[in-house]
Amino acid sequence: MKLILIRGLPGSGKSTKAKTYDALHVEADMYYVNEQGDYYFDPRQLQQAHEWCQNTTENGLKQGLDVVVSNTFIKHWEMKAYRQLARKYKADLIIEVCREQFGSIHDIEPSVIKRMAKDWQE
């Protein structure tokens, strides 16, 4: 069983790469998609979105599924809960980094992406 974390700046190809795996795909953006398939980001719900990701990941691991999580994970601490889940369920933890520049599909301001790049931890 594998837990794959794909990290990178917005527009770096994280979601595209995650879709290439035969695994349960989870990312915070999914939390903001309504039943009609429309995306509505609300920054006030960011904590709930990440809690949803962690809970969905844990449920997948409980079922013995491979799980791939694609989020920015700018700082190392942002991956801590997933590291703990990998240990708890004895999943192989794989961390991949996307570095492409396809442009953000969510119209994130370039200044925000620049700040995220400045805060990036290898």
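Bear in mind that the values here come from a model prediction, so they are computed numbers and not experimental data.

### What to know about helix H3 (residues 80-88)
Piece 1. For H3, the set of buried residues is Tyr 82, Leu 85 and Ala 86. Here the buried residues of H3 occupy an arc of 100° about the axis, which is enough to place them on one side. Those residues of H3 that are exposed and aimed more than 90 degrees away from the buried face are Lys 80, Arg 87 and Lys 88.
Piece 2. In the stretch just after H3, Lys 90 is the one whose phi turns positive, near 55°.

### A word on the pairing of strand S3 (residues 67-70)
Piece 1. The side-chain alternation of S3 yields two buried faces, one formed by Val 67 and Val 69 and the other by Val 68 and Ser 70.
Piece 2. In the sheet, strand S2 (residues 24-26) pairs with S3 via 3 bridges, with the strands oriented parallel. Its bridge partner lying in S3, Leu 24 is registered against Val 67.
Piece 3. This β-α-β element, S2 to helix H2 (residues 46-62) to S3, shows right-handed connectivity.

### Some words on the packing of aromatic side chains
Piece 1. This structure, assessed with the given rule, holds 5 aromatic pairs.
Piece 2. Taking the centre distance of 6.1 Å and the plane angle of 70° together, the rings of Tyr 32 and Tyr 39 count as edge-to-face.
Piece 3. A residue is classified by how much of its surface remains accessible, and Tyr 32, at 4% relative accessible area, is buried.
Piece 4. Looking at Tyr 39, the relative accessible area reads 28%, which means it is partly exposed.
Piece 5. Connected via pairs of aromatic rings, a cluster forms that spans Tyr 31, Tyr 32, Tyr 39, Phe 41 and Trp 52.

### Notes on the environment of Asp 42
Piece 1. Examined against the element boundaries, Asp 42 turns out to sit in the loop between S2 and H2.
Piece 2. In this structure, the C-alpha to C-alpha distance between Asp 42 and Tyr 32, residues 10 residues apart in sequence, is 7.5 Å.

### Structural notes on the sheet that holds strand S4 (residues 92-97)
Piece 1. Ordered by their spatial adjacency, 4 strands build an open sheet running S2-S3-S1-S4, and the pairing between neighbours is parallel. Bordering the open sheet on either side are S2 and S4, each of which pairs with just one other strand. Recorded for the sheet is a direction-independent mean angle of 15° between the axes of neighbouring strands.
Piece 2. Set on the sheet, H2 makes contact with strand S1 (2-7), S2 and S3; between it and S2 the angle comes to about 170°.

### Regarding the nonpolar core
Piece 1. Of all hydrophobic cores here, the largest spans 17 residues; its most connected members are Leu 3, Leu 5, Leu 61, Val 67, Val 69, Phe 73 and Tyr 82.
Piece 2. Elements represented by at least two residues in this core include exactly S1, H2, S3 and H3.
Piece 3. Residues within four places of Leu 61 in sequence aside, it is in contact with Met 1, Lys 2, Leu 3, Val 67, Leu 85, Tyr 89 and Ala 91.
Piece 4. Counting 5 residues, the second largest nonpolar core, distinct from the first, contains Ile 6, Ala 18, Val 68 and Cys 98.

What counts and what doesn't
- Residues numbered from 1 in each chain as written.
- Predicted model: local features only at pLDDT ≥ 70, side-chain atom pairs only at ≥ 80, totals over all residues.
- Heavy atoms only, no water.
- Buried < 20%, exposed > 50% of the residue type's maximum accessible area, 1.4 Å probe, protein only.
- Helix = DSSP H or I, 4+ residues; strand = E, 2+ residues; numbered from the N terminus.
- Arc of directions from axis to C-beta.
- Pairing = 2+ DSSP bridges.
- Right-handed = clockwise from strand over helix to strand, strands pointing away.
- Phe/Tyr/Trp six-rings, centres within 6.5 Å; stacked < 30°, edge-to-face > 60°.
- Axes fitted to C-alpha atoms, helices over the stretch in contact; angles between N-to-C directions.
- Contact = heavy atoms within 4.5 Å.
- Core = buried A, V, L, I, M, F, W, Y, C linked by side-chain atoms within 4.5 Å.

All quantities given are derived from atomic positions and should not be read as evidence of function.
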